[in-house]
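# Report on the structure
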Amino acid sequence: QTIYLKDYQPFPFRIERVDLTFRLAPKTTRVISRIAFAPNPERAGRHDLFLHGEKLRLIAARIDGADVPAALLTVTDEGATVAAQALPDGPFLWEAEVEIDPEGNTALEGLYMSGGMYCTQCEAEGFRKITYYPDRPDVMAPFKVRIESDMPVMLSNGNPTASGPGWAEWDDPWPKPSYLFALVAGNLVNLPDSFTTRSGRKVDLNIWVRPGDLDRCAFAMDSLIRSMTWDEEAYGREYDLDVFNIVAVDDFNMGAMENKGLNIFNSKLVLASPETATDLDFERIEGVIAHEYFHNWTGNRITCRDWFQLCLKEGLTVFRDQQFTSAMRSEPVKRIEDVLSLRARQFREDMGPLAHPPRPSSFVEINNFYTATVYEKGAEVIGMLKRLVGDDGYARALDLYFDRHDGDAATIEDWLKVFEDATGRDLSQFKRWYTDAGTPRLSVSEDWRDGTLTLTFTQMTPPTPGQDTKLPRVIPIAVGLLNPNGDEILPTTILEMTEATQSFRFADLASRPVASILRGFSAPVVLEREVPASERAFLLAHDTDPFNRWEAGRALAKDVLVRMVTDDDAPSADYISALGRLLTDDSLDPAFRALCLRLPSEDDLAQTLAEAGRSPDPDRIHTARETLARTVAERLVRPLALTYDAMADRGPFSPDATAAGRRSLRVAALGLLNRIDGGARAQTLFDAAGNMTESAAALACLIEAGRAEAALPAFHERWKGNRLVIDKWFMIQVVHAAPHQAAEVAERLAAHPDFDWRNPNRARSLLGGIAANHAGFHHASGAAYRFYADWLLRLDPVNPQIAARLSTAFETWARYDADRRAMVAAELQRIRSAPGLSRDLSEMTGRILGL
Ligand code: ARG
Ligand code: ZN
């Protein structure tokens, strides 16, 4: 059944404190809860007490020490209700004893076991699988926890208070909602460190891992300390407990979780060494460690009133981790990477059947709304707010937010109000970014006369499911003007568009300038603009805004590729020579040059063609992209080879941005050269590589060159003891398989003894890998569609969250031709007709089909 934002009501009771005792046993864990309730003055009158609870064996329930009479207690699959007449008028104590089965918990939500240790994941609604509780984010309470177990390490939220043989007690003084609860017990070892906050609180830091993993924690710890420092400097936010613990677990449904004082991470976002982790892994670890740490203020101290407000904490925390990464690395490179992923994931979502606003107004299963729209578009909306009110306005608004809402479960309205109060702006129109789905199309026309340039913009947002008409939004458009000789005559200026169509004039110009529009990607829109190739080439050479410089090259490449697909054009020489100049421009950051060398993805081209009203042919797209890559390699063989050699690591490995940027340019050059050297360089690199960035890139190249017969088993043999590297081994093989072989490769790998599909990372490696192989997934045989649907059906009863998440591979089905559409629809219908389908997957398949 559907839950609606408009139905929100406060919970009829408050909670003064929570005491939990856990007697851990793999199949029969006892959870004893003592919860002090009091009537909530916001809800007058007498109310039944409804507590969420799922998959719990209720052993005893008492109110103020007396068993609740059976006639006054109703237990269903969703929870327990105590009739109002069984409750005293004022405060009362609820006590319950339940039994749960962590070992049998394959959904990895609630308390479960991973590699012999106990751990939890409660966001969003997992706590109700631990004990009876009002499992909603607006009910906040201080928790005390006692753990009894024979595990050597026992952790929970807050500060440790006492421990002895077989038990440990924890006390979290900060009121929190149940989704931030965490417990870990296992045979763990720690990397310790410490941090002193600027007001002098000494905090013990620990990263807890399984014994063999201790030598791969240093980078995560360093990232944590830099995050703590940065949050003090940039936002004035200090940490508020005596300890901060991070635990790495191998079986985890998502990236990581910000539980108060006890962050739990997917081990792939903690463990890193040069030999085992790529530069991208290092960058993600740094970013996610920061993200979870930053949640301590934006998420924990200030939480969400209900799950419709999820982007309140996620959008803001993503925005903050993006700022952090920009500060640690390169701001323009980070911006380009973020826009690439926004377009690849969020625009794709926004243009398909799963489109929803950053703040949805209804859902069936909240786990299906941890999306690119809530996270990444949620962050973009904050970036726009900051652009509109300026850096000072933003700083004042954030100070007010922390002041006014510390300890609150807040809403998007509260968030916008602090900006209104701090800056005097009316944000009622801006709010549409939160409530409306869809990516606006922004078209622009230019008029030049009498020394005046007029830019006229028109915005239009296509309909999305449930939202047929869209009103104009506030769009901050960053613009700069360049003289024909390349000098900037108007530095970046924000135009504030509020109407459906609006003109902006630039007068007193000596000659017609070239406009650089939407600098820094100042708003998440699709810019529709016919630009001659010569102007794109000019901007690629001269724009002072690095983002738009990259964007010009990107647009050129897309134009070329689209014409290759639709008109069988030959690759354009202009584009390739512009690329050549960029490649050899040593004044440019290697990481930036690497991004310029990366061709648009096949999925991106398919989306572009679909938007132009053509049904994309995955095979033709693949061939065009391969042809362009080979042509670039042929024409630029010399500079590519020189770059490849020049970017070789000198001296010891460093994961920092400079060294990583050099490696990314090196492997980008390798990827192109591989098309014409028959895999020779890749083989040499594979045999010699001292780091995973180069090793994985070389392996991918060998597969593409059709000469990986020796490398694949060698890689497996070398890394068979390391789960995270074996995940890569699975993924690389399917991502780089030739389109007509992709399904077959995936099937063969699915039968491999190491394909432990109950492990989310392993399942995602193979299934995410085939979905990322555009021409392979959409191969005309339909074999990959069938393979994929079979696995969704197999995964669903075991781990519905993972199955539902993976089902988004089908969200683009409506783009394609009638044959492919029919095949996908049949697979989705087949899934829907499976008995006992989860709420998660049933909601997703229904929405994808547009039901
Ligand atoms: N709050 C976590 C984070 O973004 C993610 C939790 C995801 N939960 C879920 N049910 N998908 O840091
Ligand atoms: Zn988050």
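Since the model is a prediction, treat every value here as computed from it, not as a measurement.

## Examining the overall build of the chain
Scanning the chain for helices and strands turns up 26 helices and 31 strands. What you see for the chain is a C-alpha radius of gyration of 28 Å, in line with the 29 Å of a compact globule of 851 residues. By principal-axis analysis of the C-alpha atoms, the chain measures approximately 85 × 65 × 60 Å. Across the 851 residues of the chain, 50% fall into the buried class. Expressed as a percentage of contacts within the chain between residues at least 6 apart in sequence, the contacts between residues at least 24 apart total 70%.

## Brief notes about the site of ligand 1
Every residue near ligand 1 is listed here: Glu123, Ala124, Met254, Ala256, Met257, Glu258, His291, Glu292, Glu314, Asn367 and Tyr370. When residues of the shell around ligand 1 are traced back to their parent elements, those giving at least two are β20 (256-257) and α2 (279-294). Looking at side-chain class alone, the shell around ligand 1 contains 5 nonpolar, 2 polar and 4 charged residues.

## Regarding the environment of Asp656
Considering the arrangement of structural elements, one finds Asp656 in the loop between α14 (637-646) and α15 (657-677). Given 12 C-beta atoms within 10 Å, Asp656 falls into the exposed group. Placed 650 residues apart in sequence, Asp656 and Lys6 show a C-alpha to C-alpha distance of 47 Å.

## Let's talk about helix α20 (residues 742-750)
Among all positions of α20, only Ala742, Ala743, Val745, Ala746 and Leu749 are buried. Buried residues of α20, seen end-on, are gathered within an arc of 160° and therefore sit on one face of the element. On its buried face, α20 sits against α19 (723-735), α21 (760-772), α22 (774-777) and α23 (783-795).

## As for the nonpolar core
Grouped together as the largest cluster of nonpolar side chains are 243 residues, with contacts concentrated most on Val184, Val247, Ile264, Val270, Leu699, Val734 and Ile770. No other element matches the 11 residues that helix α5 (residues 372-405) contributes to this core. Beyond its immediate sequence surroundings of up to four residues, Ile264 is in contact with Cys119, Gln121, Ala182, Val184, Val247, Val249, Ala256, Met257 and Asn259.

## Overview of the UniProt feature "domain: Peptidase M1 alanyl aminopeptidase C-terminal" (unreviewed entry) in the chain
In this structure's numbering, the residues bearing the UniProt feature "domain: Peptidase M1 alanyl aminopeptidase C-terminal" (unreviewed entry) are residues 534-849. The span residues 534-849 is 71% helical and 0% strand by assignment, and the distance between its end C-alpha atoms comes to 43 Å.

## Considerations on the sheet that holds strand β31 (residues 526-528)
In space, the 4 strands of this open sheet follow the order β29-β26-β25-β31, with mixed pairing throughout. The two strands at the open ends of the sheet, each matched to only one other strand, are β29 (501-506) and β31. On average, each strand axis in the sheet is inclined to that of its neighbour by 25°, with strand direction left out of account. The pairing of strand β25 (residues 441-449) with β31 spans 3 bridges and is parallel. The residue of β31 that forms the bridge with Ser443 is Glu528.

## Topic: the packing of helix α10 (residues 573-583) against helix α11 (residues 590-597)
Where α10 contacts α11, the two axes come as close as 10 Å, and the packing angle between them is 165°. Compared by their axis directions, α10 and α11 come out roughly antiparallel. By crossing handedness, the relation of α10 to α11 is classed as left-handed. Of α11, the residues touching α10 (which contributes Leu579, Leu582 and Leu583) are Arg593, Cys596 and Leu597.

## Observations concerning the sheet that holds strand β30 (residues 514-517)
The 3 strands are arranged β28-β27-β30 in an open sheet whose pairing can be described as antiparallel. Each edge of the sheet is formed by a strand with only one pairing partner; in this case those strands are β28 (488-497) and β30. The average angle at which neighbouring strand axes cross in this sheet is 25°, direction not considered. With 7 bridges connecting them, strand β27 (residues 475-482) and β28 associate as antiparallel partners. In the sheet register, Pro476 faces β28, and the bridge partner there is Glu496.

## Concerning the UniProt feature "domain: Peptidase M1 membrane alanine aminopeptidase" (unreviewed entry) in the chain
Here the UniProt-annotated "domain: Peptidase M1 membrane alanine aminopeptidase" (unreviewed entry) positions come out as residues 219-433. As annotated, residues 219-433 comprises 56% helix and 9% strand, and the C-alpha atoms at either end are separated by 37 Å.

## Thoughts on helix α1 (residues 218-235)
Spanning 18 residues, α1 covers 25 Å between terminal C-alpha atoms, matching the ideal 26 Å at 1.5 Å per step. Among all positions of α1, only Phe219, Ala220, Ser223, Leu224, Ser227, Met228, Trp230 and Asp231 are buried. Those residues of α1 that are buried are in contact with β17 (189-196), β18 (202-209), β19 (243-249), α2 and α3 (310-328). Positive phi shows up at Gly236, right after α1, with a value of about 65°.

## A closer look at the environment of Leu58
Relative to the assigned elements, Leu58 resides in strand β5 (residues 57-63). When the C-alpha atoms of Leu58 and Ser326 are compared, they prove to be 50 Å apart, with 268 residues separating the residues in sequence. Residue contacts for Leu58: discarding those within four places in its chain leaves Val75, Ala96 and Val98.

## Some points on the packing of α3 against helix α4 (residues 331-350)
Relative orientation of the contacting elements α3 and α4 amounts to 140°, with a least axis distance of 7 Å. With respect to α4, the axis of α3 lies oblique. Every pair of crossing elements has a handedness; the one defined by α3 and α4 is right-handed. Contacts from Gln322, Thr325 and Ser326 of α3 reach α4 at Glu331, Lys334 and Asp338.

## Observations concerning unusual backbone geometry
The peptide bond linking Glu123 to Ala124 adopts the cis configuration, its omega dihedral lying at 0°. Looking at where Ala124 falls in the secondary structure, it is placed in the loop between β11 (117-121) and β12 (141-148). At Asp508, a residue that is not glycine, the phi angle is positive and equals roughly 60°. Note that Asp508 resides in the loop between β29 and β30. If you check the backbone angles, Phe521 has positive phi at about 50° while not being a glycine. Inspection of the secondary structure puts Phe521 in the loop between β30 and β31. Residue classification places Phe521 among the buried positions, given that 21 C-beta atoms sit within 10 Å.

Criteria and cut-off values
- Residues numbered from 1 in each chain as written.
- Chains lettered and ligands numbered in written order.
- Predicted model: local features only at pLDDT ≥ 70, side-chain atom pairs only at ≥ 80, totals over all residues.
- Helix = DSSP H or I, 4+ residues; strand = E, 2+ residues; numbered from the N terminus.
- Rg over C-alpha atoms; globule rule 2.2 N^0.38 Å.
- Buried ≥ 20, exposed ≤ 12 C-beta atoms within 10 Å, placed from the backbone.
- Contact = placed C-beta atoms within 7 Å.
- Near = placed C-beta within 6 Å.
- Nonpolar A, V, L, I, M, F, W, Y, C, P; charged D, E, K, R; others polar.
- Arc of directions from axis to C-beta.
- Core = buried A, V, L, I, M, F, W, Y, C linked by C-beta atoms within 7 Å.
- UniProt positions renumbered as here; feature names shortened; annotations may be inferred.
- Pairing = 2+ DSSP bridges.
- Axes fitted to C-alpha atoms, helices over the stretch in contact; angles between N-to-C directions.
- Parallel < 35°, antiparallel > 145°, perpendicular 65-115°, else oblique.
- Left-handed = near helix turned anticlockwise from the far one by under 90°.
- Expected span 1.5 Å × (residues − 1).

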